[in-house]
Amino acid sequence: MKPIYLIELVTLAALWGASFLFMRMGAPEFGPIVLIFLRTGIAAAFLLPVVVLTKKWELIKENGLLLFVVGVIGTAIPFSLLSYAVLTVSAGYASILNATAPIFTALIAWLWVKDELSFSAIIGLLAGWLLFQTQEQPEDYKGAKNSIQVPLEYVPSNPISDRKKSSENSDR
């Protein structure tokens, strides 16, 4: 690997990791939804000159609705949920949860679109899931019965989190 590639990789990793740290710091101050609105709005403001300079404005206008739907499903909803999650979990754990997105994307494509998974894709999915399993879980969830229970407990109004909250309140 060329040294410049390593420098670019480390820089990208630092920027990506810092975004979760800033999300952790900003979510309590702005609120999860406002924070993501600001985040995507600032990104759009920086990308707007690129669209104008490359003369792609017509392409944007022609596909505006499709781009809006993809933006909402691919960015607004997932990052709003992650922003909500960082109110209770660490930035590092949120980034680990975000890293599972390709795993679930591949599974949804396989189940819904009937996209065939190659042998190497299956090995990659299994390796990714196993690596996810080895990551440090938040202190409260060391005794979780299974690994899927941990992320589910952060979803509001689900039976697992409601059960945990009611047992915590009865202990007081």
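The structure presented is a predicted model; accordingly, all values stated were derived computationally and were not measured. What you see as residue numbers is a count from 1 along each chain, following the sequence as written. Since the coordinates come from a predicted model, pLDDT governs what is reported: local features require at least 70, and pairs of side-chain atoms require 80 or more to be given and counted, while whole-chain, interface and lining totals use all residues. By convention in this description, side-chain values take in all heavy atoms of the structure and omit both hydrogens and water.

Chemist: Mind showing me how you'd approach the overall build of the protein here?
Modeler: Each helix and strand counted, the protein has nine helices and zero strands in total. Secondary structure elements follow DSSP: runs of H or I of four or more residues count as helices, runs of E of two or more count as strands, with numbering from the N terminus. Put simply, the protein runs from its N terminus to its C terminus through helices and strands in the order α-α-α-α-α-α-α-α-α. Expressed as a percentage of its 172 residues, the buried residues of the protein come to 23%. A 1.4 Å probe and the Shrake-Rupley method give the accessible areas. Residues count as covered only by the protein chains that appear here. Put simply, the protein shows about 12700 Å² of open surface, and 72% of that area lies on carbon and sulfur atoms. Partly exposed residues are those whose accessible area sits between 20% and 50% of the maximum for their type, while under 20% is buried and over 50% is exposed, using a 1.4 Å probe and protein chains only.

Chemist: Help me understand the nonpolar core, please; the structure alone is not making it clear to me.
Modeler: Across soluble globular proteins, nonpolar side chains show a tendency to be buried alongside one another. Remark: nonpolar core denotes a set of buried residues (Ala, Val, Leu, Ile, Met, Phe, Trp, Tyr, Cys) joined through side-chain atoms within 4.5 Å. Grouped together as the largest cluster of nonpolar side chains are 16 residues, with contacts concentrated most on Phe20, Met23, Phe79, Leu82 and Ala94. Put simply, the parts of the chain that give this core at least two residues each are helix H1 (3-30), helix H2 (32-53), helix H4 (64-85) and helix H5 (91-99). Here this core takes five residues from H5, the largest share from any one element. What makes two residues a contact is simply this: any of their non-hydrogen atoms within 4.5 Å. If we ignore the near neighbours within four places in the chain, the residues touching Met23 are Leu35, Arg39, Phe79, Leu82, Ser83 and Val86.

Chemist: Teacher, can you tell me more about unusual backbone geometry here?
Modeler: Across the chain, the bulk of peptide bonds are trans and the bulk of non-glycine residues have phi less than zero. In the Ramachandran plot, Lys55 falls in the positive-phi region, its phi being about 55 degrees despite a non-glycine side chain. Tracing the backbone shows Lys55 in the loop between H2 and helix H3 (57-62). A residue is classified by how much of its surface remains accessible, and Lys55, at 72% relative accessible area, is exposed. Residue Lys114 is not a glycine yet carries a positive backbone phi of 60 degrees. Taking the relative accessible area as the measure of exposure, Lys114 reaches 62% and is therefore exposed.

Chemist: In this structure, what is going on with the packing of H1 against H4? I would like to understand it.
Modeler: Two elements in contact, H1 and H4, have axes whose closest approach is 9 Å; the angle formed by their N-to-C orientations is 65 degrees. Our classification of the angle between H1 and H4 gives roughly perpendicular. Seen from above, H1 lies across H4 with right-handed handedness. Contacts between H1 and H4 involve Phe20, Met23 and Ala27 on the former and, on the latter, Phe79, Leu82 and Ser83. Looking at the contact of H1 with H4 residue by residue, the classes come out as five nonpolar, one polar and no charged. Here the axes come from fitting lines to C-alpha atoms, over the contacting stretch only for helices, and the angles between their N-to-C directions go from 0 to 180 degrees. Small angles under 35 degrees read as roughly parallel and large ones over 145 as roughly antiparallel, with 65 to 115 read as roughly perpendicular and the rest as oblique. The crossing is said to be left-handed when, going from far helix to near helix, the turn is anticlockwise and less than a right angle, and right-handed when the turn is clockwise. Throughout, the ten residues Ala, Val, Leu, Ile, Met, Phe, Trp, Tyr, Cys and Pro are labelled nonpolar, Asp, Glu, Lys and Arg are labelled charged, and all others, Gly among them, are labelled polar.

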